[in-house]
Amino acid sequence: MEGEPTMEEIIVVEKLNKSYQHKSAVNNLSFTVCQGEIVGLLGPNGAGKSTTINILSTILKPDSGNISIGGYDLAKDKSKIKKFIGIVPQDLAIYEEISAEKNVAFFASLYGLHGSELKSQTCKALQQVGLYDHRAEKPKTFSGGMKRRLNIACAIAHAPKLIIMDEPTVGIDPQSRNHILEAILTLRDQGSTILYSTHYMEEVEAIADRILILDEGKLIASGTKDELCQRFENQVTYSFTLDRKPDETTLILSGLSGIQSVAFEEQGLAITVNITNENLSNIISAILSAGYQIKAMSSKEASLETVFLDLTGKSLRD
Ligand code: ADP
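All figures in this text were calculated on a predicted structure; none of them were measured in a lab.

*Asks:* In this structure, what is going on with the pattern of salt bridges? I would like to understand it.
*Replies:* Opposite charge on two side chains permits them to pair, given that their charged atoms come into close proximity. All told, the structure shown has 12 salt bridges when counted by the stated rule. Close ionic contact of Glu 97 with Lys 140 constitutes a salt bridge, the shortest N to O distance being 3.2 Å. Of this pair, Glu 97 sits in the loop between strand E6 (85–88) and helix H3 (100–109) while Lys 140 is found in the loop between helix H4 (115–128) and helix H5 (144–156), placing the two residues 43 residues apart along the sequence. By relative accessible area, which is 46% here, Lys 140 ends up partly exposed. With a shortest N-O distance of 2.9 Å, Asp 209 and Arg 188 are connected by a salt bridge. With Asp 209 in the loop between helix H7 (201–207) and strand E9 (210–215) and Arg 188 in helix H6 (residues 174–189), the pair connects residues that are 21 residues apart, well separated along the chain. Note on Asp 209: relative accessible area 31%, which makes it partly exposed. Through salt bridges that share partners, Arg 188, Asp 189 and Asp 209 make up one connected network.

Listed below in structure tokens is the structure:
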């Protein structure tokens, strides 16, 4: 046989649709997730991420479309799919008053684990999220980030092949977020396949092998970060902080070469340029000769934010 070996497809979604009261939440969505990948489902609030995840988790019924998970047809083999996946829900689903270890053991027992296997899998899951040393403590004493990690341990103790996470880092501090992102990478390195939804582009940029960008229920782009950003590889945005609010009528920059866009802000400017033919000195001269002082300057390469803005005309942070 010639050619590249094809990766095993763990999730195959074809033409998925779901509406609530005639309003479309997921619109003709098709995508695949392959064995061993971390796939980030990125989109702003209301994009359809939770709806998609709830359908894959068998919690919500689609209006139409075909879905197969681990080779099982979602319309026919719901119970096999439930064992195949571990779901980390957006809202915490843990018991505050019993120890971390008992929490994990309880959820694992729902999947039929018992005896020594239950004990060893519970320990393993707690280790995977970095909570083994806290196993005897009750979650009511935990920080928000530790509770979220326990939420993950509860979902993975039955050793699911596929882990589906719905915004697992919402509302926690940056250090705890990094712990969770590291735990996700460890799970992938140990052989799990992970589908992970978020509206934080920095997270998918940091950990996703592949990114699906969703907006208004539709898949608007997909690929690795480099593939998605490739069109913008010659683009840089310079941000200038000035001594006062710039005046659009006196500070004219659009005639300079290489300038793609200029955004006037409260105390400065954001200028996007094509680096192959721009001249930073000309931009700086124009600002200074219009009578402004430059207090600070920074530059930023294109990111997923740029991609999203280009595709939708709006910011991911809106
Ligand atoms: P996300 O997870 O990306 O924030 P959701 O899947 O929660 O997006 O929502 C997609 C769209 O469906 C939104 O317009 C939302 O208002 C709507 N929606 C979600 N759940 C319901 C529901 N139970 N009833 C009515 N509309 C809903």
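*Asks:* Please clarify how the site of the ligand should be interpreted in this entry.
*Replies:* Close to the ligand lie Tyr 20, Gln 21, Lys 23, Ala 25, Pro 44, Asn 45, Gly 46, Ala 47, Gly 48, Lys 49, Ser 50 and Thr 51. A distance of 3.1 Å is found between an oxygen atom of the ligand and a backbone nitrogen or oxygen belonging to Ala 47. A distance of 2.9 Å separates an oxygen atom of the ligand from a polar side-chain atom of Lys 49. For the ligand, whose free accessible area comes to 560 Å², the fraction covered by protein is 62%. The set of elements that each furnish at least two residues to the shell around the ligand consists of strand E2 (23–34) and helix H1 (49–56).

*Asks:* Help me understand the sheet that holds strand E8 (residues 193–198) in this model?
*Replies:* Within a sheet, each strand pairs with its neighbour through backbone hydrogen bonds, oriented either parallel or antiparallel. Overall, mixed pairing links the six strands, which are arranged E6-E7-E8-E3-E9-E10 in an open sheet. Looking at which strands have only one partner, the edges of the open sheet turn out to be E6 and strand E10 (218–223). Taken pair by pair, the neighbouring strands of this sheet meet at an average axis angle of 15 degrees, ignoring direction. Inspection of the sheet shows E9 paired to E10 by five bridges, in the antiparallel sense. Note on E10: the bridge partner recorded for Leu 214 is Leu 219. Docked against the sheet, H5 engages E6 and strand E7 (162–166), running at close to 160 degrees with respect to E6.

Calculation notes
Residues numbered from 1 in each chain as written. Predicted model: local features only at pLDDT ≥ 70, side-chain atom pairs only at ≥ 80, totals over all residues. Heavy atoms only, no water. Salt bridge = Lys/Arg side-chain N within 4 Å of Asp/Glu carboxyl O. Helix = DSSP H or I, 4+ residues; strand = E, 2+ residues; numbered from the N terminus. Buried < 20%, exposed > 50% of the residue type's maximum accessible area, 1.4 Å probe, protein only. Near = heavy atom within 4 Å. Polar contact = N/O pair within 3.5 Å; in protein donor to acceptor, adjacent residues only side chain to side chain. Areas by Shrake-Rupley, 256 points an atom, 1.4 Å probe, with all protein chains shown as cover. Pairing = 2+ DSSP bridges. Axes fitted to C-alpha atoms, helices over the stretch in contact; angles between N-to-C directions. Contact = heavy atoms within 4.5 Å.

That's the geometry; what it means functionally is another story.
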